[in-house]
Amino acid sequence: MSGPHTLTEQFIHLGLGATSVPQPPFDGMEWYEGYGQRHGADGAEGRLVSMYTFDTDWDVWEMHPKGTEVVLCVEGSMTLHQEHSDGAVNAVTIGKGEYAINPPGVWHTADIAGASATAVFITAGEGTEHRPR
């Protein structure tokens, strides 16, 4: 597929062999099941690049057991809360142009400062889990 594409609507899969594959338009949480079917063979080495704009705090925690997640804030400000397996909890606030890393196995959620925040996520998504906040 040639471009241009809009990252908020069509995410990118970074796969084995240094490939970049535009994805079908995002249409809700069930989209992720199809993504797993399309690229599950890449295992923990595959990465999903996505972009979201948030206008409220997250209502869930999530955790990626098989790799790190980079969160790059491109507009606004957000505070990432991380809960480590040893019980340690920390928070980091990132603004435009700043990033944070969610290590593998660390539960994380976010609070949005101001009216909204937009972030790019580079995620090792295999095995991702969610729980209510």
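These numbers come from a predicted model, not from an experiment.

J.: Looking at this structure, how should I read the overall build of the protein?
T.: The number of helices and strands found in the protein is one helix and nine strands. In sequence order, the protein lays out its α and β elements as β-β-α-β-β-β-β-β-β-β. Summarising its shape, the C-alpha atoms of the protein cover approximately 40 × 35 × 25 Å along the three principal directions. Summarising the internal contacts of the protein: among those between residues at least 6 apart in sequence, 68% fall at separations of at least 24. Taken as a whole, the protein presents about 7,200 Å² of accessible surface, with 56% of it coming from carbon and sulfur. Across the protein, the 6 positively charged side chains and the 18 negatively charged ones have centroids separated by 3 Å.

J.: Teacher, can you tell me more about the layout of surface pockets here?
T.: By rolling a water-sized probe across the atoms, one finds the places where empty space is left. By volume, the largest pocket is sized at about 820 Å³. Lining of the largest pocket is provided by 34 residues; of these, Tyr32, Glu62, His64, Thr128 and His130 occupy positions nearest its centre. Among the secondary structure elements, those contributing two or more residues to the lining of the largest pocket are helix H1 (31-39), strand S3 (47-54), strand S4 (60-63) and strand S8 (107-123). Taken together, the residues of the lining of the largest pocket sort by class into eleven nonpolar, 15 polar and eight charged.

J.: Just checking my understanding: could you explain unusual backbone geometry for this structure?
T.: With the exception of glycine, the majority of residues adopt a negative phi angle, and the majority of peptide bonds are in the trans configuration. Backbone geometry at alanine 18 places phi at a positive 60°, although glycine is not the residue there. Topologically, alanine 18 is positioned in the loop between strand S1 (12-15) and strand S2 (19-22). Assessed through its relative accessible area of 76%, alanine 18 is described here as exposed.

J.: Could you clarify how one ought to interpret the environment of threonine 123 in this entry?
T.: Within the secondary structure layout, threonine 123 lies in strand S8. Taking the C-alpha atoms as reference points, threonine 123 and leucine 14, 109 residues apart in sequence, are found 9.7 Å from one another. Apart from residues lying up to four places away in sequence, threonine 123 is in contact with Gly46, Arg47, Leu48, His64, Thr68 and Glu69.

J.: Looking at this structure, I do not really get the pattern of salt bridges. What am I missing?
T.: Should their charged atoms come close, side chains of opposite charge can pair. Throughout the structure, instances matching the rule amount to four salt bridges. Measuring nitrogen to oxygen at the nearest pair gives 3.8 Å for the salt bridge that ties lysine 66 to glutamate 126. Of this pair, lysine 66 sits in the loop between S4 and strand S5 (69-83) while glutamate 126 sits in the loop between S8 and strand S9 (129-132), and the two are 60 residues apart along the sequence. Aspartate 111 is paired through a salt bridge with arginine 133; the nearest N and O atoms lie 2.7 Å apart. One end of the pair, aspartate 111, is in strand S8; the other, arginine 133, is in the segment after S9, with 22 residues separating them in the sequence.

Conventions and cut-offs
- Residues numbered from 1 in each chain as written.
- Predicted model: local features only at pLDDT ≥ 70, side-chain atom pairs only at ≥ 80, totals over all residues.
- Heavy atoms only, no water.
- Helix = DSSP H or I, 4+ residues; strand = E, 2+ residues; numbered from the N terminus.
- Contact = heavy atoms within 4.5 Å.
- Areas by Shrake-Rupley, 256 points an atom, 1.4 Å probe, with all protein chains shown as cover.
- Lys, Arg positive; Asp, Glu negative; His and termini not counted.
- Charge placed at Lys NZ, Arg CZ, Asp CG, Glu CD.
- 1 Å grid on protein atoms, 1.4 Å probe; cavity = no way out; pocket = protein on both sides within 12 Å on 5 of 7 lines; lining within 4 Å.
- Points joined across faces, edges and corners; volume = space filled by probe spheres on them.
- Nonpolar A, V, L, I, M, F, W, Y, C, P; charged D, E, K, R; others polar.
- Buried < 20%, exposed > 50% of the residue type's maximum accessible area, 1.4 Å probe, protein only.
- Salt bridge = Lys/Arg side-chain N within 4 Å of Asp/Glu carboxyl O.

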